[in-house]
Amino acid sequence: MDREKLLTIRNYFRSHYDMGIQFGKFTSYTDEVFNMIITDIKQTFCEMDFNQDVLLEIKHLVDSEFQIFQPDGDALLNDYEHEHDWYAKAKDEIDHFYWPRYRSHLFQNGWTTNILSKLGTDTLDRLMNFLGDPNSPDVFSRKGLVMGDVQSGKTSNYIGLICKAVDAGYKVIILLTGTIESLRRQTQIRVEEGFIGYDVENREWVGVGLQNRNDSMIPKSATSRVNDFTGTAGETTFLHFNNEKTPFIFITKKNSNTLKKIRDTISNINIVPPAKTINTSLLIVDDEADNASINTNQIDYDPTVINQEIRKILNLFTKSNYVGFTATPFANVFIDPASETEMLKEDLFPKDFIFSLNPPNNYMGPQKIFSERTTNTLQIIDDYNDSFPLKHKKSWSGDTLFESLVEAIYTFMIVNSIRDINEGSEKNSHRSMMINVSRFIKVQERLEVLIGNKVENITNAVRQSHMLPKNEYIKNPYIKGLFDAYEKHYSAHHDWETVFAHLYSAINGIQVFKIPFKDKKKQLDYEKHIDTGLRAIIIGGLALSRGITLEGLTISYLYRNTSTFDVLMQMGRWFGYRNKPKDYSTLCKVWMLEQTKDFFLEITSSIIELKNDFKELIASKKTPQEFGIRVRNESDKLGITSRNKMRTTKKFVYTYDLYGQVLETPFLSSRTSDIRSNYDLVNNFITDIEMQRYGDSLFKSPVSMNVVVKLLSDLNIHEANRITYFQKEQIIDFIENAGFSKFDVVIISGKGPQSDFNNSNVRLIERSFDILDENTLRIGGVHRRLGGSEDTRFGLSKQQIIRIRGHKNVSNSTYMIEDRNPILILYPLSLKKTSSINDNPLPQVEIQHINRLVDEYNAEKITPIGIGIGFPKNRAKSGITEKVFYINDRTKWWNLMNRKDNEEDE
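All of the points below concern the structure found in this document. (Residues numbered from 1 in each chain as written. Predicted model: local features only at pLDDT ≥ 70, side-chain atom pairs only at ≥ 80, totals over all residues. Heavy atoms only, no water.)

## A few points about the packing of helix H5 (residues 98–108) against helix H7 (residues 154–168)
Move 1: Two numbers describe how H5 lies on H7: the axes approach to 8 Å, and their chain directions differ by 155 degrees. Of the possible angle classes, the one that applies to H5 and H7 is roughly antiparallel. Together, Tyr 98, Trp 99, Pro 100, Tyr 102 and Leu 106 of H5 and Ser 156, Ile 159, Gly 160, Cys 163, Lys 164, Val 166 and Asp 167 of H7 make up the contact between the two elements.
Move 2: Looking at the contact of H5 with H7 residue by residue, the classes come out as eight nonpolar, two polar and two charged. (Axes fitted to C-alpha atoms, helices over the stretch in contact; angles between N-to-C directions. Helix = DSSP H or I, 4+ residues; strand = E, 2+ residues; numbered from the N terminus. Parallel < 35°, antiparallel > 145°, perpendicular 65-115°, else oblique. Contact = heavy atoms within 4.5 Å. Nonpolar A, V, L, I, M, F, W, Y, C, P; charged D, E, K, R; others polar.)

## Let's talk about the sheet that holds strand S20 (residues 589–592)
Move 1: Ordered in space as S14-S20-S18-S15-S17-S16, the six strands form an open sheet in which the pairing is parallel. The open sheet has two free edges, formed respectively by strand S14 (378–380) and strand S16 (511–515), since each of these has just one partner strand. Neighbouring strand axes in the sheet, compared pairwise and without regard to direction, differ in orientation by 20 degrees on average.
Move 2: Across five bridges, the pairing between strand S15 (residues 431–436) and strand S18 (residues 553–558) is parallel. If you follow Met 434 over to S18, its bridge partner there is Ser 556. (Pairing = 2+ DSSP bridges.)

## Let's talk about the packing of aromatic side chains
Move 1: One pass over the structure, following the stated rule, counts 33 aromatic pairs.
Move 2: Seen from their ring centres, Tyr 486 and Trp 496 are 5.3 Å apart, and the 55 degrees between their planes marks the pair as tilted. Taken together, the residues span a long stretch of sequence, with Tyr 486 in helix H18 (residues 477–489) and Trp 496 in helix H19 (residues 496–507) at a distance of ten residues.
Move 3: Residue Tyr 486 is classed as buried on the basis of its relative accessible area of 4%.
Move 4: An aromatic cluster is present here, built from Tyr 384, Phe 388, Trp 396, Phe 402 and Tyr 559 joined pairwise through their rings.
Move 5: The ring of Phe 34 is capped by Lys 59, whose NZ or CZ atom sits 5.3 Å from the centre of that ring. (Phe/Tyr/Trp six-rings, centres within 6.5 Å; stacked < 30°, edge-to-face > 60°. Buried < 20%, exposed > 50% of the residue type's maximum accessible area, 1.4 Å probe, protein only. Lys NZ or Arg CZ within 6 Å of the ring centre and 35° of its normal.)

## Observations concerning unusual backbone geometry
Move 1: In this structure, the amide linkage connecting Pro 273 to the following residue, Pro 274, adopts the cis form with an omega of 10 degrees.
Move 2: A cis geometry characterises the amide bond from Ser 701 onward to Pro 702, with omega recorded as 0 degrees.
Move 3: The topology assignment puts Pro 702 in strand S26 (residues 697–704).
Move 4: In this structure, Arg 203 is a non-glycine residue whose phi angle is positive, near 55 degrees.
Move 5: Checked against the element boundaries, Arg 203 lands in the loop between strand S4 (198–199) and strand S5 (204–205).
Move 6: Positioned with a positive phi, Asp 819 is a non-glycine residue whose angle comes to about 70 degrees.
Move 7: Secondary-structure assignment places Asp 819 in the loop between helix H27 (798–805) and strand S31 (823–831).

## Topic: the pairing of strand S8 (residues 278–287)
Move 1: A large share of S8 lies buried, amounting to nine of its ten residues.
Move 2: Bridge count for strand S3 (residues 172–176) against S8 is five bridges, and the pairing is parallel. Paired with Leu 175 across the bridge in S8 is Val 285.
Move 3: By the bridge criterion, eight bridges tie S8 to strand S9 (residues 317–326) in an arrangement that is parallel. Considered in S9, the bridge of Ile 278 is made with Phe 317.

Take a look at the structure:
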């Protein structure tokens, strides 16, 4: 079936499914629901041949969309005692207008019902409950932070929040964009399409306004696609908030002069002495909240101007909320939560709530980019030289480009041809390439000329050659470059002749842009190309690193050095969603330096640990102040955030002694290749050491330390196990330096199915689990339980075991007495299905995903292996290992950890 018909059927399916959900015909996507809807489709499209191959193709397309699920967000609160439910109680009485039409807008733009339901009823409803009630007589000032992932849809989240807030009664919205006009303008467009419904500059209906026009409900925007707020008379005449039903919105840059104009204008118009405040409700949404909003001045000095103006605006209103959105929250949680000034009250520390968004399973984030499975996505830049050094001056004016950069341009052209072939008549999608190699505008301008010339020369070469035979046109160096890029990266997609036949029409319209732009006629505007699709190579620096969305980003070239987590992560504009179109994820390529790759691996590890710690604190009902933050920072080259944003922090060396400890790996990779590899390693290991029956389990002692270390070195240990202090490299170093010569080894038998280990008769251990992300399983859910409390008794005598069992609170570590062998524990697992009954807190679609995964593992006879390792106590020695964190000095995180610690002033 051709793609156009396939998409028509998909769209019909989506509409039918959405109506079924709304009318309660079914509650989630299942194979039964698919068969029910496909029966109706066959009757509607009776002229089509729905043979088995066509049905399989439709099923694959629908499954890839409707099996997308999004885990619940996690909330750390200042107050767990009182119910945060004012919105839940008022929701049925609210006259909803803005949210339903935005929801419909998102649905029409490809959002699935599952994800829309999660956005509306979980994420946004919970956030609304954390805000103050705008209709309450109480005075309030609430501050919170929403943490997402780079390019994971934070804009849609905060536009949805604005819609729900205004429906609930919020009167004034101030949306703070970045510091760059191009980003503000892009945000203005997104908000006009999703909330306002009207292009205030061109005076025409757009986005949600096209489906639901209502003149009386158009929010009054004090900014436009052309102008930020200027404070002129024409802008200020309508800014009377009192007794006005229509909401007001400002979409403004974080510019001190602009913010001051907003503050002065709304104050002069709406405050009548002797009143000092405006008796209405304000919601400030701060996009990229870690950029420019933070007070970076020393404690004894006045706050920075932007930070000061935000706080002054908040203090004008009797009911105010500040909600920051960011993918890199490091700077925000380093704010001193106790800092106050008599005039400005508290800083912007998210004292009331921190909400962590969990992306859907079709999100391509750093874990996927840098995982073993997607190494073909990542290309290393190794041809840089002194002609264009990393640390160059703004006077650089070279005339040559790195070969790797030219190769990246060639791949972008090949990608356009492949996507034209794949998408057929529907080839109107946007395609973008990002080039981020310098922060200097003059250097970017020079590159714009060089790259523009290169694109023109390649395009002309293709135009002149496409009618020639291959043995002739391949002599052209530009065509040879295209062919080499095709051979290296994309030969598995289509044959060269087909790609080359589509190449000229695919690349003829490629435009080169620089951001920020000088000429308004030469600005990046995807909306102008909505019918045909824009094909763009975008060159920039800071503007590309902060919030701007590059539609259809496929090729990225990052030749930059940076010294902080947050700046580098923001450069990762290639992250995003990869469920469509066909083969999109396999076409994406990213070029970067080897050092940059290592930094990203470090960042990814730190963010995993940060989120795991976040969940731990929620389980303990800790507050944002107690979170403060601890961020692992083991790299001596890469900082967390800029030094002035860490002015109230201390360097904290967190130490723990491995002697007497029992460590486990409850976090496992979900990838079948990793599971199979670990299983084969363990199977060979137990065969080689000839393990013996010990009750229901298998046991062997002694086993050479070298054999155990070899197994640990070869096993794939998931990065997330750092939170349990199971860090493979540190453990191996400790074993080799501690002088252990032999180990006890045990395979724990459970009550599950028979294992496939050679002649072992060991039964698998049944464990429930949940899915943290696309690649990560958490065994035992929040309890992270692999084994039992006495698994380390193996290797001890009966007398020793009886004596230890006489103690109170016996655990695995209790059996790690002095002078015994260290022990390696292997847990062969059988993963259990879950259900939607008994108040299961998991969403239905995640339950289905868990159960499908179990079915897949069972069908393929896949057995995950968990690892435990215990070390005997040693009073004479210490097995100290350490991690380095940066901690808010007033937070005293270490009191929560109940561990030995060292503190070092920074």
